[in-house]
Amino acid sequence: METVSIIIPVYNVDKYLTECLSSVTNQTYRNFEVILIDDGSTDNSRDICVNWCHKDSRFNYYYQENGGLGSARNYGVSKAKGLWLTFLDSDDWWEPIYLEKMISKTKNKKINAIYCDTYVCIQGREKKPTHVRSMLKYIQADTRDRIALGINASACGALYKKKIWDEIKIEFPHIIFEDTGIYGVLVHYFSSYDVVEMPLYNYRKRNGSIMDTNKYEYRKMIVALDSLLTLARKHQLFETYRNEYFELCRSQLYPRWKEVKGIREPVKKQMIEFYRRNFSFYDRIGRIVSIGSPISAKVYEGIVAFPNVERDIYSFTSIVSMVSEPPDDEFKLNYTGKNEYRLRMIQKDIEKTWLKNREKCQYIILDLLEERNDFIAYRDCLFTLSEAVDSECDITSDVKIVHRDSERSNERWMEACDKFFKIVKQNNMKVILLELYLCERYGDLVNQNKYNNIDDIQRINKKLNHYYNYVKNHYDVTLVKLDSEYTYTDREYKFGCYPWYFNECAIYLLRKNVRKIIYNDMDGKEEGAS
């Protein structure tokens, strides 16, 4: 049996340490050594470690002056003698079959890393499984995908071949977010991976932990990303994965920018300086607008560095509505909902903001999912009777409902397409068309079921297919399609399990293909200029 070296950094966690160490001794796979690195604890952690070493000869205790989590892990790696390495944070714990399931994947001698899913455990609540690592296997993620996704960059919940770790000589930086500081290089060397598709690692979210204290600290994240990109250049990987590193940085900085209420502009300035310092193409990424369903909006939000909801996102809208005349001041809509995003999208749809402004952009991310909806007609104005209008509004003015299946409706739609694409052509915009349909299935990565109203869904999708074919045959668009395997609704989606919502795998694959189009255009222009 192959020996696993378990590295556990310890710092002032006496409240949780016994549970952590007990989960190790309770493993069904018994051939391991435990390396406890006490990072200068001032509580009872040292006594607990020493007592455990007395009870079990597989446990080894080492002390160092406080140097941080990265420093403690590096010390642990230097002491490891096993064929495989795994990291366990001392306030977390494993399921009893963690090592057994992970080591079983090593029978394939080409494999050099194994990952598992995790449980997120918040005190006083039921632990929640996350399947982000199963997602890697589900989409057959290569190294580029793993960098760009940037999901679960933690070194924990993984088994690494020790020989490779020694050969590449990568050390955790002595900073907060030390995992992020090496993740995008580590996955290059541990590219032959497998995934145990079940949660085996219990991650404890607690007040006062390193991650809890610093989760929105953007300055420390910039330091970690700078550390990563410096390491990538040292290993001559930066140019190979340039675009993926940009996406990884964007995915880490954007959420932190959203959280800094009241000081977004100075924070944005610092982040832009970071992007310009590391990515020479940053200022050449043109303005992008999303039009159609919330799916296009999610794709847009996963591509641009600083999404502008007010200026660039037009959700819950159709082509007919986008180019229709705005209503007069007498039109009244009573907003009964509390979702501010949806309300603003409805307002923009009614006010015809895009048609009024016609601000030039380089790309339009467009889908036709909202074309399934009927129209609301008020005098000469048409707007979309979307799911958002249904859920958030009462219409108090005299209106007519124009049914989508009527002959006149189809004529109006073709007229609207001509008007819309004429504006697009006049302004030299490029349309990236996402060919999206209602999902026929719902579920998760492992189990999916068909919707009960499958006949209605297929009827609507047939109509949508007619619209997509019309646009593809009559106008200049760049098409992005999604394999039907990934077209299902996440049953846990926060706005409900409905066929017009997708899953995170689908969203990522759409983003990936749209990014590829944009980067290829950008690289082509750069070559032309030279």
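As shown above, the structure is provided for reference.
Below is a short write-up of the structure. Please read these numbers as outputs of a predicted model, since none were measured by experiment.

This brings us to the overall build of the chain. Of regular secondary structure, the chain possesses 21 helices and 22 strands. Its C-alpha atoms give the chain a radius of gyration of 26 Å, near enough to 24 Å, the size a compact globule of 530 residues would have. Principal axes of the C-alpha set define a box for the chain whose edges measure 85 × 55 × 45 Å. A buried classification covers 56% of the 530 residues belonging to the chain.

Here the focus is the state of the cysteines. As enumerated under the stated definition, the model contains 0 disulfides in all. Cysteine 417 takes part in no disulfide bond, and the closest cysteine sulfur to it belongs to cysteine 361, at a distance of 17 Å.

Another aspect to go through is the nonpolar core. Of all hydrophobic cores here, the largest spans 183 residues; its most connected members are Tyr160, Tyr245 and Tyr275. A total of 11 residues in this core trace back to one element, the largest contributor, which is helix α21 (residues 504-529). The residues contacting tyrosine 245, other than those within four sequence positions of it, are Ile147, Gly184, Val185, Leu228, Leu229, Ala232, Leu237, Phe238 and Phe279.

With that settled, the discussion passes to the environment of tyrosine 275. Relative to the helices and strands, tyrosine 275 is located in helix α12 (residues 264-278). Here tyrosine 275 falls in the buried class, since its relative accessible area comes to 1%. Residues tyrosine 275 and valine 299, spaced 24 residues apart in sequence, show a C-alpha to C-alpha distance of 20 Å. When near neighbours in sequence (up to four residues on either side) are disregarded, tyrosine 275 contacts Phe246, Cys249, Arg250, Leu253, Tyr282, Ala305 and Phe306.

Overall, antiparallel pairing links the 3 strands, which are arranged β15-β14-β17 in an open sheet. Edge positions in the sheet fall to β15 (381-384) and β17 (400-402), since each of these pairs with one other strand and no more. Mean inter-strand twist for the sheet, computed between neighbouring axes without regard to direction, equals 35 degrees. With 4 bridges connecting them, strand β14 (residues 375-378) and β15 associate as antiparallel partners. Counted as the bridge partner of tyrosine 378 is cysteine 381 from β15.

As a further point, take the sheet that holds strand β19 (residues 441-443). A sheet is described by the order of its strands in space; here 3 strands give the open sequence β20-β19-β22, paired in mixed fashion. Edge positions in the sheet fall to β20 (448-450) and β22 (489-490), since each has one partner strand and no second. With 3 bridges connecting them, β19 and β20 associate as antiparallel partners. From the neighbouring strand, glycine 443 faces β20, where its bridge partner is glutamine 448.

Below, the discussion takes up unusual backbone geometry. Although it is not a glycine, lysine 169 adopts a positive phi angle of roughly 55 degrees. Secondary-structure assignment places lysine 169 in the loop between α7 (162-168) and α8 (180-189). Non-glycine residue glutamine 236 carries a positive phi angle of around 55 degrees. Checked against the element boundaries, glutamine 236 lands in the loop between α10 (218-234) and α11 (242-259). For glutamine 236, a relative accessible area of 71% corresponds to the exposed category.

Attention shifts here to the packing of α10 against α11. Packed helix pairs are specified by the crossing angle of their axes together with the interaxial distance, meaning the distance between the axes. Following both chains from N to C, one finds α10 and α11 inclined at 175 degrees, their axes separated by 10 Å at the closest point. Between α10 and α11, the interaxial angle falls into the category roughly antiparallel. Between α10, through Tyr218, Met221, Ile222, Leu225, Leu228, Leu229 and Ala232, and α11, the contact on the second element is made entirely by Tyr245, Leu248, Cys249, Gln252, Leu253 and Arg256. Across the contact of α10 with α11, the residue classes break down as 11 nonpolar, 1 polar and 1 charged.

The next subject is the packing of α10 against α12. Two elements in contact, α10 and α12, have axes whose closest approach is 11 Å; the angle formed by their N-to-C orientations is 0 degrees. Put simply, α10 runs roughly parallel to α12. In this structure, α10 contributes Tyr218, Arg219, Ile222, Leu225, Asp226, Leu229 and Arg233 to the contact, and α12 contributes Val267, Gln270, Met271, Phe274, Arg277 and Asn278. By residue class, the composition of the contact of α10 with α12 is 7 nonpolar, 2 polar and 4 charged.

Okay, the packing of aromatic side chains next. Two measures describe an aromatic ring pair: the distance that separates the ring centres and the angle between the ring planes. For the coordinates displayed, the defined rule picks out 41 aromatic pairs. Between tryptophan 52 and phenylalanine 59, the ring centres sit 6.3 Å apart and the planes meet at 50 degrees, which makes this aromatic pair tilted. With respect to burial, tryptophan 52 and phenylalanine 59 carry one shared label: buried. Its end group placed over the ring of tyrosine 314, lysine 348 keeps NZ or CZ at 4.3 Å from the ring centre.

Once that is clear, we can look at the environment of isoleucine 288. With respect to the helices and strands, the residue isoleucine 288 is situated in strand β10 (residues 288-292). Owing to a relative accessible area of 2%, isoleucine 288 belongs among the buried residues under this scheme. With 15 residues separating them in the primary sequence, isoleucine 288 and isoleucine 303 have C-alpha atoms 9.0 Å apart. Among residues more than four places away in sequence, those in contact with isoleucine 288 are Tyr300, Ile303, Val304, Asp312, Tyr363, Ile365 and Ile518.

Analysis parameters
Residues numbered from 1 in each chain as written. Predicted model: local features only at pLDDT ≥ 70, side-chain atom pairs only at ≥ 80, totals over all residues. Heavy atoms only, no water. Helix = DSSP H or I, 4+ residues; strand = E, 2+ residues; numbered from the N terminus. Rg over C-alpha atoms; globule rule 2.2 N^0.38 Å. Buried < 20%, exposed > 50% of the residue type's maximum accessible area, 1.4 Å probe, protein only. Disulfide = S-S within 2.5 Å. Core = buried A, V, L, I, M, F, W, Y, C linked by side-chain atoms within 4.5 Å. Contact = heavy atoms within 4.5 Å. Pairing = 2+ DSSP bridges. Axes fitted to C-alpha atoms, helices over the stretch in contact; angles between N-to-C directions. Parallel < 35°, antiparallel > 145°, perpendicular 65-115°, else oblique. Nonpolar A, V, L, I, M, F, W, Y, C, P; charged D, E, K, R; others polar. Phe/Tyr/Trp six-rings, centres within 6.5 Å; stacked < 30°, edge-to-face > 60°. Lys NZ or Arg CZ within 6 Å of the ring centre and 35° of its normal.

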